[in-house]
Amino acid sequence: MGTGLGGRRGNGASGLRRHGAGRLVIGIGNSLRQDDGVGWRVAEVLAARVEAGALAQLEVLAVQQLTPELVEPIAAASAVVLVDAVITAVPNPGADASLGLPPLHLDPLRPASASARAPLTHHATSAGLLSLTTALHGTCPSAWQLLIPIASASTGFGEELSPGTSARLAEAVELLTAWAHRHA
C-alpha cells in the first residue's frame, strides 16, 4: 500500500510531502507497526483530501519520529497540529462505545521550558520541538497535539489498524478537517 505522501515510508524527510502553506498537520508514527502508525495514516487521509481540493492551504507531513528538520515547516506555519498514538490501559480503545471513551480532542501545546527540554534524539517531544523552533526563529505558531489512544497489544509488525483504531482514525480526520476549516 502506498503512503499517498510521496510513495515512500521512512524517517525524516523521506516520508514528507508538502501540500500548500499556512496550517500544518504532522502525523507521527511507524506505519509498519500496526496501530502505532495511526498518526501517519491520519496524514495520508488528510493529504488525499488536500489533493482532491477539499482542504486548501494545508500542509501535511508524515514522519516516523520528531526530528530537527521539522523546525523549518513548523516555523513557516501559522498553526500546527501534531498527531500521534498514545498507549492506553484500555484493551481495545474505540472498539466498543460502551467503554465510555471520551471523544478525541486537541490539546493546546506550548514550547517546553529550558529546564524541561529533551535533546532531539529518539525521545524528542512535541513541546521540545516547539522550543527549538522558538530558539531558532524567535517565534512559534499556535500549536495543538492530538493523541489517539491505542492498545499496547496492537503495535506488532503489520500495516493494518485494529477496528478500534480505525474508528478513531475516522474521528481524528473529521476533527482535523473541522480544525483546518476554522483556521483557514
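Residues numbered from 1 in each chain as written. Predicted model: local features only at pLDDT ≥ 70, side-chain atom pairs only at ≥ 80, totals over all residues. Heavy atoms only, no water.

Draft legend 1. Broad picture of the overall build of the protein. Scanning the protein from N- to C-terminus turns up four helices and five strands. In sequence order, the protein lays out its α and β elements as β-α-β-α-β-β-α-β-α. Taken across its 184 residues, the protein has 45% of its residues classed as buried. Taking the intrachain contacts of the protein between residues at least 6 apart in sequence as the baseline, contacts between residues at least 24 apart amount to 79%. Just so you have it, the protein exposes about 8,500 Å², and 56% of that area is on carbon and sulfur atoms. (Helix = DSSP H or I, 4+ residues; strand = E, 2+ residues; numbered from the N terminus. Buried < 20%, exposed > 50% of the residue type's maximum accessible area, 1.4 Å probe, protein only. Contact = heavy atoms within 4.5 Å. Areas by Shrake-Rupley, 256 points an atom, 1.4 Å probe, with all protein chains shown as cover.)

Draft legend 2. Representation of the pairing of strand β3 (residues 79–88) within the structure. Pairing geometry for strand β1 (residues 23–28) and β3, over five bridges, is parallel. Residue pairing for β3: Leu-24 is matched across the bridge by Val-80. Pairing analysis gives ten bridges linking β3 to strand β5 (residues 142–151), with the strands arranged parallel. Bridging from a neighbouring strand, Val-86 pairs with Pro-149 of β5. (Pairing = 2+ DSSP bridges.)

Draft legend 3. Structural detail: unusual backbone geometry. At Gln-34, a residue that is not glycine, the phi angle is positive and equals roughly 45 degrees. For Gln-34, a relative accessible area of 24% puts it in the partly exposed group. Within the chain, Gln-57 stands out as a residue other than glycine whose phi angle is a positive 50 degrees. Among the structural elements, Gln-57 can be located in the loop between α1 (38–51) and β2 (58–63). Since its relative accessible area comes to 56%, Gln-57 is described here as exposed.

Draft legend 4. Broad picture of the packing of α1 against helix α4 (residues 163–182). In the contact formed by α1 and α4, the axes pass within 10 Å of each other and the chain directions differ by 50 degrees. When the axis of α1 is compared with that of α4, the two are oblique. Pair α1 / α4 crosses with right-handed handedness. Contacts from Val-38, Arg-41, Val-42, Val-45, Leu-46 and Arg-49 in α1 reach Thr-165, Leu-169, Ala-172, Val-173, Glu-174, Leu-176 and Thr-177 in α4. Its residues assigned to classes, the contact of α1 with α4 shows eight nonpolar, two polar and three charged. (Axes fitted to C-alpha atoms, helices over the stretch in contact; angles between N-to-C directions. Parallel < 35°, antiparallel > 145°, perpendicular 65-115°, else oblique. Left-handed = near helix turned anticlockwise from the far one by under 90°. Nonpolar A, V, L, I, M, F, W, Y, C, P; charged D, E, K, R; others polar.)

Draft legend 5. Representation of the sheet that holds β3. One open sheet accounts for five strands, arranged β2-β1-β3-β5-β4; its pairing is mixed. Each edge of the open sheet carries a strand with a single partner, namely β2 and β4 (107–109). Pairs of neighbouring strands in the sheet enclose a mean axial angle of 30 degrees, with direction left out of account. Contacts from α1 reach β1, β2, β3 and β5 within the one sheet, and its direction differs from that of β2 by about 150 degrees. In the packing of α4 onto the sheet, the strands contacted are β1, β2, β3 and β5, and the crossing angle to β5 comes to about 170 degrees.

Draft legend 6. The pairing of β1, seen in detail. Burial runs high along β1: six of the six residues are buried. Across the two faces of β1 the burial is the same, with Arg-23, Val-25 and Gly-27 and Leu-24, Ile-26 and Ile-28 all buried. As judged from the six bridges shared by β1 and β2, these two strands associate in the parallel manner. For Ile-28, the partnering residue across the bridge sits in β2 and is Val-63. Since β1 and β2 lie parallel, the crossover through α1 that links them has a hand, and here it is right-handed. (Right-handed = clockwise from strand over helix to strand, strands pointing away.)

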